[in-house]
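Now for the letters of each chain:
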Amino acid sequence: MRPLDGVTVLSLEQAVAVPYATRLLADLGARVIKVERPGGGDFARHYDSACGEVSSYFAWANAGKQSLALDLKHPAAGEVVRDLVAAADVVLCNLSPAAARRLGVDADSLRRTKPELVVGELSGYGDPGPYATRKAFDALVQSEAGLIALTGQDDVTARAGISVADIAAGVQLHAAVLAALLHRSRTGEGATLRLTLFEAMAEWMHQPMLYAAGTGRAAPRTGAHHPSIAPYGPFPCADGTVHLAVQNDPQWRRLCRLLDRPDLAEDPRFTTVASRVAHRPALHAELDFTAWTTEGLLRALDDADVPAALTRSVADLPEHPQLTARDRRTTVPVPGGGVTALRPPVDSTAWGWAPEPVPALGEHTDHVLRDLGYPPERIADLRARSAI
């Protein structure tokens with residue numbers, strides 16, 4: 001038995017943040033009913049064509065869910081939504097606050113009729129405030145929160161290579177839902193959970209924010225090198241790149257011994273973390289690994305207890321020797337085929353996990369409505385009226 005077996009989550013979701021939260025809930029056993037627009041569905045289905053008939057984003061964030069195709073703007077949809085809510089334990093929504101209110105699926109409306117519900121609302125920037133009506137997408141939020149200004153090298157900025165704002169919000173919403181379900185089990189009370197994409201990203205920006213406040217300036221952009229630790233970053237070898245992570249003075253001295261460079265360990269420019277950062281160009285000029293192969297250097301660094309890693313392509317991740325040795329790969333069915341994916345990162349002795357398919361658009365519409373007690377003729381009528 002999984003922790004959320006028997007828990008039903010109704011999700012009015014699209015894109016990444018809330019779908020990622022609900023996929024994490026599905027991994028724990030929740031029945032997640034995903035409401036999608038008839039005809040097109042969640043627009044993230046079509047971001048790319050990497051995974052059969054769906055995008056890589058959709059395959060990643062929607063495994064294990066049931067897809068219900070319902071036109072929320074149709075006059076007949078209101079009653080269907082009310083019945084879905086009546087059967088749900090959790091309702092999550094990332095419609096705009098105004099759209100949610102128009103459809104009567106905002107948290108205040110839902111919990112007036114069912115106080116024991118856990119309702120989670122995700123918005124872009126939140127209300128009130130001057131940004132309340134502004135569109136918020138991952139890269140825009142990265143920009144507003146300072147992450148893009150912090151990322152890159154010298155005068156060149158860069159977006160983080162993954163949808164980090166969406167992931168931050170999804171992880172925090174998932175954790176809040178679990179806490180709210182625990183609260184309900186103890187008190188019988190539901191909960192309203194509100195979070196914003198911007199504030200989720202701002203939470204993850206705390207350390208650089210504190211650094212800037214304490215030093216009077218933002219950390220410099222240093223590419224893949226650490227802004228406040230050195231040597232900590234990629235260094236070229238004869239056949240690739242090794243990423244060093246020398247975080248303290250004992251590690252630095254061990255690296256100098258490995259290189260047979262005791263003079264570096266005693267050089268006053270390099271004796272502390274702060275001085276090595278202050279003299280980073282000179283430090284890097286002294287560290288030449290181009291005669292080493294990556295395999296030889298990593299073996300020597302491991303033997304010397306100096307932290308390092310091989311810089312790999314994400315295309316190589318499914319074949320990573322550690323993932324292979326730990327049997328982390330699995331096959332997830334997707335519309336039009338199957339994809340190689342990774343198991344959830346947390347293993348538990350209390351429950352298991354098995355891969356579940358990514359749904360086709362509307363695949364479970366009839367099944368969900370039958371579970372609500374709808375007879376075949378009513379389902380046929382909703383379909384004839386283009387509500388489903």
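Data block above holds the structure.
What counts, and at which threshold
Residues numbered from 1 in each chain as written. Predicted model: local features only at pLDDT ≥ 70, side-chain atom pairs only at ≥ 80, totals over all residues. Heavy atoms only, no water. Helix = DSSP H or I, 4+ residues; strand = E, 2+ residues; numbered from the N terminus. Contact = heavy atoms within 4.5 Å. Areas by Shrake-Rupley, 256 points an atom, 1.4 Å probe, with all protein chains shown as cover. Lys, Arg positive; Asp, Glu negative; His and termini not counted. Charge placed at Lys NZ, Arg CZ, Asp CG, Glu CD. Buried < 20%, exposed > 50% of the residue type's maximum accessible area, 1.4 Å probe, protein only. Polar contact = N/O pair within 3.5 Å; in protein donor to acceptor, adjacent residues only side chain to side chain. Pairing = 2+ DSSP bridges. Axes fitted to C-alpha atoms, helices over the stretch in contact; angles between N-to-C directions. Parallel < 35°, antiparallel > 145°, perpendicular 65-115°, else oblique. Left-handed = near helix turned anticlockwise from the far one by under 90°. Phe/Tyr/Trp six-rings, centres within 6.5 Å; stacked < 30°, edge-to-face > 60°. Lys NZ or Arg CZ within 6 Å of the ring centre and 35° of its normal. Core = buried A, V, L, I, M, F, W, Y, C linked by side-chain atoms within 4.5 Å. Nonpolar A, V, L, I, M, F, W, Y, C, P; charged D, E, K, R; others polar.

## Topic: the overall build of the protein
Okay, step 1: Across its full length, the protein holds 18 helices and 13 strands.
Okay, step 2: The C-alpha extent of the protein, read off along each of the three principal axes, is 85 × 45 × 40 Å.
Okay, step 3: For the protein, the share of sequence-separated contacts (at least 6 apart) that also reach a separation of at least 24 residues comes to 65%.
Okay, step 4: For the protein, the exposed surface amounts to about 19,500 Å²; the carbon and sulfur share of it is 54%.
Okay, step 5: Distance between charge centroids for the protein: 4 Å, based on 39 positive and 46 negative side chains.

## So, the side chain of Ser 11
Okay, step 1: Among the secondary structure elements, Ser 11 is positioned in strand β1 (residues 8-12).
Okay, step 2: Classification of Ser 11 as buried rests on a relative accessible area of 0%.
Okay, step 3: Of the polar contacts made by the side chain of Ser 11, one reaches the side chain of Glu 13; its length is 2.6 Å.
Okay, step 4: If we skip the residues at most four places from it in the chain, Ser 11 touches Val 18, Thr 22, Ile 33, Lys 34, Val 35 and Leu 92.

## Side note on unusual backbone geometry
Okay, step 1: In this model, Asp 127 is joined to Pro 128 through a cis peptide bond whose omega is 10°.
Okay, step 2: Residues Ala 230 and Pro 231 are joined by a peptide bond in cis, for which omega reads -5°.
Okay, step 3: Inspection of the secondary structure assignment puts Pro 231 in the loop between α10 (206-215) and β9 (232-236).
Okay, step 4: For Asp 154, which is not a glycine, the phi torsion comes out positive at approximately 55°.
Okay, step 5: Even without a glycine there, the phi angle at Asp 327 is positive, about 55°.
Okay, step 6: Relative to the helices and strands, Asp 327 resides in the loop between α16 (321-325) and β12 (329-334).

## Thoughts on the sheet that holds strand β11 (residues 308-310)
Okay, step 1: Here we have three strands laid out as an open sheet, ordered β9-β10-β11, and antiparallel in their pairing. One side of each edge strand has no neighbouring strand; the edge strands of this open sheet are β9 and β11. The average angle at which neighbouring strand axes cross in this sheet is 25°, direction not considered.
Okay, step 2: Across three bridges, the pairing between strand β10 (residues 241-245) and β11 is antiparallel. Bridge assignment links Leu 244 to a residue of β11, and that residue is Ala 308.
Okay, step 3: Strands β10 and β11 of the sheet are contacted by helix α15 (residues 294-304), whose axis makes an angle of about 20° with β10.

## Here we look at the packing of helix α1 (residues 17-27) against helix α8 (residues 164-187)
Okay, step 1: Interaxial distance between α1 and α8 falls to 7 Å at its minimum, and their mutual angle equals 45°. Classified by the interaxial angle, the pair formed by α1 and α8 is oblique. For the pair α1 and α8, the crossing hand works out as right-handed. Two secondary-structure elements touch here, α1 through Ala 17, Val 18, Tyr 20, Ala 21, Leu 24 and Leu 25 and α8 through Asp 166, Ile 167, Ala 169, Gly 170, Val 171, Leu 173, His 174, Val 177 and Leu 178.

## Focus: the packing of aromatic side chains
Working definition: an aromatic ring pair is given by the centre-to-centre distance plus the angle between the planes.
Okay, step 1: Counted under the stated rule, the structure contains seven aromatic pairs.
Okay, step 2: Look at Phe 43 and Tyr 47: their rings are 6.0 Å apart centre to centre, the planes differ by 50°, and that puts the pair in the tilted class.
Okay, step 3: Taken together through their ring pairs, the aromatic side chains of Phe 43, Tyr 47 and Tyr 57 make up a single cluster.
Okay, step 4: When the ring centre of Tyr 131 is taken as reference, the NZ or CZ atom of Arg 134 above it lies at 4.2 Å.
Okay, step 5: Across the ring face of Tyr 374, the terminal group of Arg 378 is positioned such that the distance to the ring centre comes to 3.8 Å.

## Notes on the side chain of Arg 276
Okay, step 1: For Arg 276, the location among the structural elements is in helix α13 (residues 273-278).
Okay, step 2: A distance of 3.1 Å separates a polar atom in the side chain of Arg 276 from a polar atom in the side chain of Asp 249.
Okay, step 3: When near neighbours in sequence (up to four residues on either side) are disregarded, Arg 276 contacts Ala 230, Pro 231, Asn 248, Asp 249, Trp 252, Arg 269, Phe 270, Thr 271 and Leu 283.

## Points about the nonpolar core
Okay, step 1: Among the nonpolar cores identified, the biggest contains 36 residues, and Val 9, Val 90, Leu 92, Val 177 and Met 201 are the most heavily contacted of them.
Okay, step 2: Those elements that place two or more of their residues in this core are α1, β4 (90-93), β5 (118-123), α8, β8 (191-196) and α9 (197-204).
Okay, step 3: Of all the elements, α8 adds the most residues to this core, at eight residues.
Okay, step 4: When residues no more than four places from it in sequence are discounted, the contact partners of Val 9 are Thr 22, Leu 25, Ala 30, Arg 31, Val 32, Ile 33, Val 90 and Leu 92.

## Considering the sheet that holds β8
Okay, step 1: If you trace the six strands from one edge of the open sheet to the other, you get β3-β2-β1-β4-β5-β8, paired in parallel fashion. This sheet does not close on itself; its edge strands, each paired only once, are β3 (66-69) and β8. Recorded for the sheet is a direction-independent mean angle of 20° between the axes of neighbouring strands.
Okay, step 2: Its contacts with the sheet put α8 on β4, β5 and β8, and the angle it makes with β8 is roughly 170°.
Okay, step 3: On top of the sheet, α9 reaches β5 and β8; it is set at about 70° to β8, its chief contact.

## Some remarks on the environment of Pro 357
Okay, step 1: Checked against the element boundaries, Pro 357 lands in the loop between β13 (337-342) and α17 (365-371).
Okay, step 2: As a C-alpha pair, Pro 357 and Gly 64 span 293 residues in sequence and 5.5 Å in three-dimensional space.
Okay, step 3: For Pro 357, the residues in contact, after removing those within four places along its chain, are Asn 62, Ala 63, Gly 64, Lys 65 and Pro 333.

## Section: the packing of α8 against α9
Okay, step 1: Running from amino to carboxyl end, α8 crosses α9 at an angle of 95°, the nearest separation of the two axes being 8 Å. Between α8 and α9, the interaxial angle falls into the category roughly perpendicular. Seen from α8, the contacting residues are Val 164, Ala 165, Asp 166, Ile 167, Ala 168, Ala 169 and Gln 172; seen from α9, they are Leu 197, Ala 200, Met 201, Glu 203 and Trp 204.
Okay, step 2: Tallied by class, the residues present in the contact of α8 with α9 amount to nine nonpolar, one polar and two charged.

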